Amino acid sequence: MKYVIALDAGTTSVRAFVYDLKTGKFVHGASQEIKQSFPRAGWVEQDANEIYYKAAYCLNECVRFAGAENVAGMGITNQRETVVLWDKTTGEPVCPAIVWQCRRTSEYCAALSKENKELIRERTGLVVDAYFSASKIRWILDNVPKARTLEKNGTLCAGTIDSYLIFKFTEGRTFATDVTNASRTMLFNIKTLDWDEELLQLFGVSREILPEVRACDARMGEAEIAGSRIPIAGVIGDQQAALFGQGCLSEGDGKITYGTGLFLLFNTGGRCAQSKRGMLSTIGYSACGKTTYALEGSAFNAGSAVQWLRDGLGFIKTSAESERVAESVESSGGVYFVPAFTGLGAPYWNAEARGLLTGITRSTTRAHIVRAVLESIAFSARDLASCMEEDSGIKLREIKCDGGASANNFLMQFQSNVLGVCINRPVERESTALGAALMCALSLGLVEEQDIPRLRSSERIFTPSPDREKFDRLYGEYCRAVQKTLL
Ligand code: ADP
């Protein structure tokens, strides 16, 4: 058996990759776009059937390439929090999937009492928000009559995308999810590792309709693909998969994914650190009989600010061009940008804040502004990293990076300078899919846990400038600009 397959069911696309166990490289991939619909302002839906058919197409393609007899198994990683409710007897969804970005249950969440919000925070590690699955399940139970009928008949299933795909691929034999996906539902107690009775009651969701929760390295049955049966072993939510794929398996290891937004995950070992500054406590992964926790912080806008430079201002033709333009000047010339297009997340949590460009003089050029925008991404990562360090009492040693904007050398060097730690960029930037492939290999006994960090190879390491004072001063200026957006 030479290969492991990773299925990455993301928000905008579903992809499958064939991973060669000997060389540690992806050798083949298939991808399909997934449609999103926006039936009302703030609503986001997807067709779970489409996700399944396109996942099946990509997997067929990969199994055909590799030859079923050469495939040891498949791992699954997925967009988290998105909810599907379906009929156990037919596998048909009762309505469109409600996607993590959907805001339809914001009011419901806001109306929960202070005591309940505290209870939820304590049990789940999450800040109450429509983002997570619980209120979305409640909405479907309240608004889709078919869901209630099936619930009465005892044939309703509710779960995240991973559990739906596992159910479909095993032809209904397995109804299960993994702990990382469960930890984003707002119904799961991350300390007892079980659905929380009080939270189930609070949201009016019965345990019977929810999947069994298993470890990330648990076996999930066999998938019917291209006329063969492929073991499903290794299921892990996307951000956690990137943490795992980057080999961040020890306490104090952290990764930042620079995509549309920015996600920092920080391994806190066996300790479930409670944040005082609005970070989420979550399960990093659970494998080989132990559970590893993580703190998670995100900035809503990162790569999206580069897209704004390109599409909104027309300052650059491609996102990649931002690197050359930023480097054409020595500094931002005193210009600071705050990327608060849709408010500010942790640690500010201000939904009303809006973007700001400050420090402009007659000598300011397009290059200074482009540079200030890239610098702002690095500064917002420092906001998150400082919270993480305070909450966990652990000092960051090094950050692994991935995601589209991690290709930007200027940004990565500046990030290293601003954080005062090395930024380590891997050869293999598809960390999410790699994480699922490695979790599968671990589950099947093809790799040992301690060997995983060694399987990752660095493409480049950015080391921080010794001039700490300079970068602390620049960060201080950025913080002053942020304060102006909060006025
Ligand atoms: P997502 O998974 O959120 O769709 P990706 O990881 O694919 O995001 O990254 C895409 C984002 O990265 C876009 O917002 C794009 O503007 C930004 N990006 C891509 N390449 C670069 C680059 N070289 N420099 C700066 N930003 C970049």
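Refer to the structure above for everything that follows.
Residues numbered from 1 in each chain as written. Predicted model: local features only at pLDDT ≥ 70, side-chain atom pairs only at ≥ 80, totals over all residues. Heavy atoms only, no water.

Peer 1: So what about the site of the ligand? Which residues, and what values?
Peer 2: Near the ligand, the surroundings consist of 13 residues, among which Thr260, Gly303, Ser319, Gly404 and Asn408 are the closest. Between an oxygen atom of the ligand and a main-chain N or O atom of glycine 303, the distance comes to 3.0 Å. Interatomic distance of 3.0 Å between a side-chain N/O atom of asparagine 408 and a nitrogen atom of the ligand. For the ligand, the accessible surface in isolation is 580 Å², of which the surrounding protein chains cover 67%. Top element by residues in the shell around the ligand is helix α10 (residues 303-312). It accounts for four residues. In the shell around the ligand, the residues fall into three nonpolar, ten polar and no charged. (Near = heavy atom within 4 Å. Polar contact = N/O pair within 3.5 Å; in protein donor to acceptor, adjacent residues only side chain to side chain. Areas by Shrake-Rupley, 256 points an atom, 1.4 Å probe, with all protein chains shown as cover. Helix = DSSP H or I, 4+ residues; strand = E, 2+ residues; numbered from the N terminus. Nonpolar A, V, L, I, M, F, W, Y, C, P; charged D, E, K, R; others polar.)

Peer 1: So what's going on with the layout of surface pockets? Residues and values would help.
Peer 2: The space that makes up the second largest pocket amounts to roughly 260 Å³. Lining of the second largest pocket is provided by 13 residues; of these, Cys109, Lys117, Val127, Val128 and Asp129 occupy positions nearest its centre. Listed by contribution, the elements that provide at least two residues to the lining of the second largest pocket are α2 (106-110) and α3 (114-124). With four residues, α3 is the single largest residue contributor to the lining of the second largest pocket. Classifying every residue of the lining of the second largest pocket gives six nonpolar, one polar and six charged. (1 Å grid on protein atoms, 1.4 Å probe; cavity = no way out; pocket = protein on both sides within 12 Å on 5 of 7 lines; lining within 4 Å. Points joined across faces, edges and corners; volume = space filled by probe spheres on them.)

Peer 1: Describe the sheet that holds strand β5 (residues 71-78), and please don't skip the residues or the numbers.
Peer 2: The six strands are arranged β3-β2-β1-β5-β14-β13 in an open sheet whose pairing can be described as mixed. Edge positions in the sheet fall to β3 (25-33) and β13 (219-225), since each of these pairs with one other strand and no more. Going across the sheet, the axis of each strand differs from the next one's by a mean of 25 degrees, ignoring polarity. Bridge count between β13 and strand β14 (residues 228-237): five bridges; the pairing is antiparallel. By the bridge assignment for β14, glutamate 222 is matched with proline 231. In the packing of helix α1 (residues 48-66) onto the sheet, the strands contacted are β1 (3-9), β2 (13-20), β3, β5, β13 and β14, and the crossing angle to β3 comes to about 150 degrees. Lying over the sheet, helix α14 (residues 431-443) contacts β1, β2, β3, β5, β13 and β14, oriented at roughly 115 degrees with respect to β14. (Pairing = 2+ DSSP bridges. Axes fitted to C-alpha atoms, helices over the stretch in contact; angles between N-to-C directions. Contact = heavy atoms within 4.5 Å.)

Peer 1: For the sheet that holds strand β16 (residues 262-269), give the residues involved together with the corresponding values.
Peer 2: A sheet is described by the order of its strands in space; here seven strands give the open sequence β17-β18-β16-β15-β21-β22-β23, paired in mixed fashion. Looking at the sheet topology across the chains shown, the edges are occupied by β17 (280-287) and β23 (458-462). With strand direction ignored, the average angle separating the axes of adjacent strands in the sheet is 25 degrees. Summarising the sheet, strand β15 (residues 254-258) and strand β21 (residues 398-402) pair through four bridges and their orientation is parallel. Counted as the bridge partner of threonine 257 is aspartate 402 from β21. With respect to the sheet, helix α9 (residues 238-245) is in contact with β15, β16, β17, β18 (290-299) and β21, its orientation differing from that of β15 by roughly 125 degrees.

Peer 1: Talk me through the pattern of salt bridges; I want residue IDs and the actual numbers.
Peer 2: Counted by the stated rule, this structure contains 36 salt bridges. Close ionic contact of arginine 138 with aspartate 142 constitutes a salt bridge, the shortest N to O distance being 2.6 Å. Of the two residues, arginine 138 and aspartate 142 both sit in helix α4 (residues 134-143), four residues apart, roughly one turn of that helix. Sharing partners across several salt bridges, the network here consists of Arg80, Glu81, Arg184, Asp238 and Glu296. (Salt bridge = Lys/Arg side-chain N within 4 Å of Asp/Glu carboxyl O.)

Peer 1: So what about unusual backbone geometry? Which residues, and what values?
Peer 2: Glycine aside, a negative phi is what most residues show, and trans is what most peptide bonds show. Located in the positive-phi region is glutamate 81, a residue other than glycine, with phi close to 70 degrees. For glutamate 81, the position within the fold is in the loop between β5 and β6 (83-87). Relative accessible area serves as the criterion here: at 2%, glutamate 81 is assigned to the buried category. (Buried < 20%, exposed > 50% of the residue type's maximum accessible area, 1.4 Å probe, protein only.)

Peer 1: Help me get a handle on α1, residues and values and all.
Peer 2: Between the first and last C-alpha of α1 there are 27 Å, a value that for 19 residues agrees with the 27 Å anticipated at 1.5 Å per step. The positive-phi residue at the C-terminal boundary of α1 is glycine 67, with phi of around 85 degrees. (Expected span 1.5 Å × (residues − 1).)

Peer 1: Kindly report on the side chain of serine 443, identifying the contributing residues and their values.
Peer 2: The topology assignment puts serine 443 in helix α14. Given a relative accessible area of 14%, serine 443 falls into the buried group. A polar atom in the side chain of serine 443 sits 2.8 Å from the backbone oxygen of aspartate 217. With residues near it in sequence (within four places) discarded, serine 443 still touches Asp217, Ala218, Arg219, Ala233 and Gly234.

Peer 1: Describe the packing of helix α12 (residues 366-392) against helix α13 (residues 409-419), naming the residues involved and giving the relevant values.
Peer 2: Packed helix pairs are characterised by how far apart their axes lie and by the angle those axes make with each other. Running from N to C, α12 and α13 point in directions that differ by 40 degrees, and their axes come no closer than 9 Å. Considered as vectors, α12 and α13 are oriented oblique to each other. Here the hand of the crossing between α12 and α13 comes out right-handed. Facing Arg371, Leu374, Glu375, Ile377, Ala378, Phe379, Ala381, Arg382 and Ala385 of α12, the residues of α13 in contact are Phe410, Leu411, Phe414, Gln415, Val418 and Leu419. (Parallel < 35°, antiparallel > 145°, perpendicular 65-115°, else oblique. Left-handed = near helix turned anticlockwise from the far one by under 90°.)

Peer 1: Go over empty space enclosed by the protein with me, naming the residues and quoting the values.
Peer 2: According to the stated counting rule, one finds two cavities of 30 Å³ or more in the structure shown. Reported here for the largest cavity is a volume of approximately 130 Å³. Ala299, Phe300, Leu344, Gly345 and Ser380 are the residues nearest the centre of the largest cavity, which is lined by 17 residues in total. If you list the elements that add at least two residues to the lining of the largest cavity, you get β18, α12 and α16 (468-485). Ranked by residue count, the leading element in the lining of the largest cavity is α12, at three residues. Of the residues contributing to the lining of the largest cavity, the split by class is eleven nonpolar, five polar and one charged. Considered as a void within the structure, the second largest cavity measures approximately 50 Å³ in volume.

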